[in-house]
Amino acid sequence: YQRRVRDTTQNKSMVLYSINIINKDGGLVYHREFVKSQRVDLRLASSFHVMHAMACQISPVAKSSGIEEFVAEAFKLQCMQTRTGVKFYFIADPLHSSTVLKSLLARVYEVYCDYVLKNPFYSLEQPVRCEKFDYFVEQVVSSSSAASSKPSK
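The residue count restarts for each chain, going from 1 along the sequence in the order it is written. Note on the predicted model: pLDDT of at least 70 is required for a residue's local features to be given, and 80 or more for side-chain atom pairs to be given and counted; whole-chain, interface and lining totals, by contrast, use all residues. Here the side-chain values reflect all heavy atoms present in the structure, with hydrogen atoms and water set aside.

Okay, the overall build of the protein next. Every helix listed is a DSSP run of H or I at least four residues long, and every strand listed is a run of E at least two residues long, numbered separately from the N terminus. For the protein, the count of helices and strands is three helices and six strands. Helices and strands appear in the protein in the N-to-C order β-β-β-α-β-β-β-α-α. Exposure categories follow from relative accessible area, calculated using a 1.4 Å probe and restricted to protein chains: below 20% of the type maximum is buried, above 50% is exposed, and the middle band is partly exposed. In the protein, which comprises 153 residues, the proportion classed as buried is 41%. Counting only contacts in the protein whose residues sit at least 6 apart along the sequence, the fraction spanning at least 24 positions is 50%. Areas reported as accessible are Shrake-Rupley estimates using a 1.4 Å probe. Residue values count occlusion only from the protein chains shown. Accessible surface, the protein: about 9,200 Å² in total, of which carbon and sulfur atoms supply 54%. Pairs of residues are marked as contacts when any of their non-hydrogen atoms sit within 4.5 Å.

Looking now at the side chain of N23. Turning to its location among the elements, N23 is positioned in the loop between β2 (12–22) and β3 (28–33). What makes N23 buried here is its relative accessible area of 9%. N or O atoms closer than or at 3.5 Å make up a polar contact, with two conditions inside protein: a donor-capable atom paired with an acceptor-capable one, and, for residues adjacent in sequence, both atoms drawn from side chains. A polar contact is formed between the side chain of N23 and the backbone nitrogen of D25, at a distance of 3.0 Å. Of the polar contacts made by the side chain of N23, one reaches the backbone nitrogen of G27; its length is 2.7 Å. When neighbours within four sequence positions are excluded, N23 is seen to be in contact with V29, H49, G85 and E125.

On to the environment of G27. Assignment of secondary structure puts G27 in the loop between β2 and β3. A relative accessible area of 26% means that G27 is categorised as partly exposed. For the pair G27 and E125, spaced 98 residues apart in sequence, the C-alpha separation works out to 8.0 Å. When residues no more than four places from it in sequence are discounted, the contact partners of G27 are I21 and I22.

Two aromatic rings are characterised by how far apart their centres lie and by the angle between their planes. Ring geometry is summarised as follows: Phe, Tyr and Trp rings, the Trp one being its six-membered ring, pair when their centres sit within 6.5 Å, and such pairs are stacked at plane angles under 30 degrees, edge-to-face over 60 and tilted between the two. For the structure on display, the rule yields eight aromatic pairs. With a centroid separation of 5.0 Å and 85° between ring planes, the pair formed by F88 and Y112 is classed as edge-to-face. Linking F88 in strand β6 (residues 87–92) with Y112 in helix α2 (residues 98–117), this pair joins segments that are 24 residues apart in sequence. When sorted by exposure, F88 lands in the same class as Y112, which is buried. Judged by centre distance (6.1 Å) and plane angle (70°), the rings of Y112 and F133 are edge-to-face. Of this pair, Y112 sits in helix α2 while F133 is found in helix α3 (residues 131–148), placing the two residues 21 residues apart along the sequence. A relative accessible area of 4% places Y112 in the buried class. For F133, a relative accessible area of 0% translates into the label buried.

For this analysis, a nonpolar core means a set of buried residues of the types Ala, Val, Leu, Ile, Met, Phe, Trp, Tyr and Cys, connected via side-chain atoms within 4.5 Å. Counting residues in hydrophobic clusters, the biggest one holds 25 residues, and the most contacted among them are L16, I21, F90, V108, Y112, V128 and F133. Contributing elements (two or more residues each) for this core: β2, β3, β6, α2 and α3. Element by element, the count of residues in this core is highest for α2, at eight residues. Every residue in contact with I21, bar those within four places of it in the chain, is listed here: G27, L28, V29, Y30, V86, K87, F88, Y112 and F133.

Confidence of the prediction at every residue is given by pLDDT, a number between 0 and 100. The pLDDT averaged across the protein works out to 79; a share of 78% of its residues lies at or above 70. The low-confidence segment residues 6–12 (pLDDT under 50) makes 15 contacts with residues lying over four places distant or belonging to another chain. Residue range residues 146–153 is modelled with pLDDT below 50. Its contacts to residues more than four positions away, or to other chains, number four contacts.

Take a look at the structure:
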């Protein structure tokens, strides 16, 4: 099972491998795989947190927000950091549109605010275990896939 999102800029179907959320301390608090892959996400989350922090410190740009996009031969990592330091990132096909991924991350963040942060049983910095959040993450990704796969006029 692979979650595909159609990239309307290139009219190609691109694969979303997973979405991850890491807390401000670098701990992986949420992971959702759309494609079965090797279990490297915990290492990637820890490594990405350190690289992101170093990029903020050594950037020549004042008040840099760190790494937003990392493109490798096998994948693209698109990151969105919140004001509280929580990082949301997709691991996707390397040819995937950054604009589409940024839009999806913003929508997932809205769902996170609505169904995780407003949940009275959720403790900050702890793993996210919320069925409604899982459901709506799937809906965001699916709706994006369905909307972008409609024929363009």
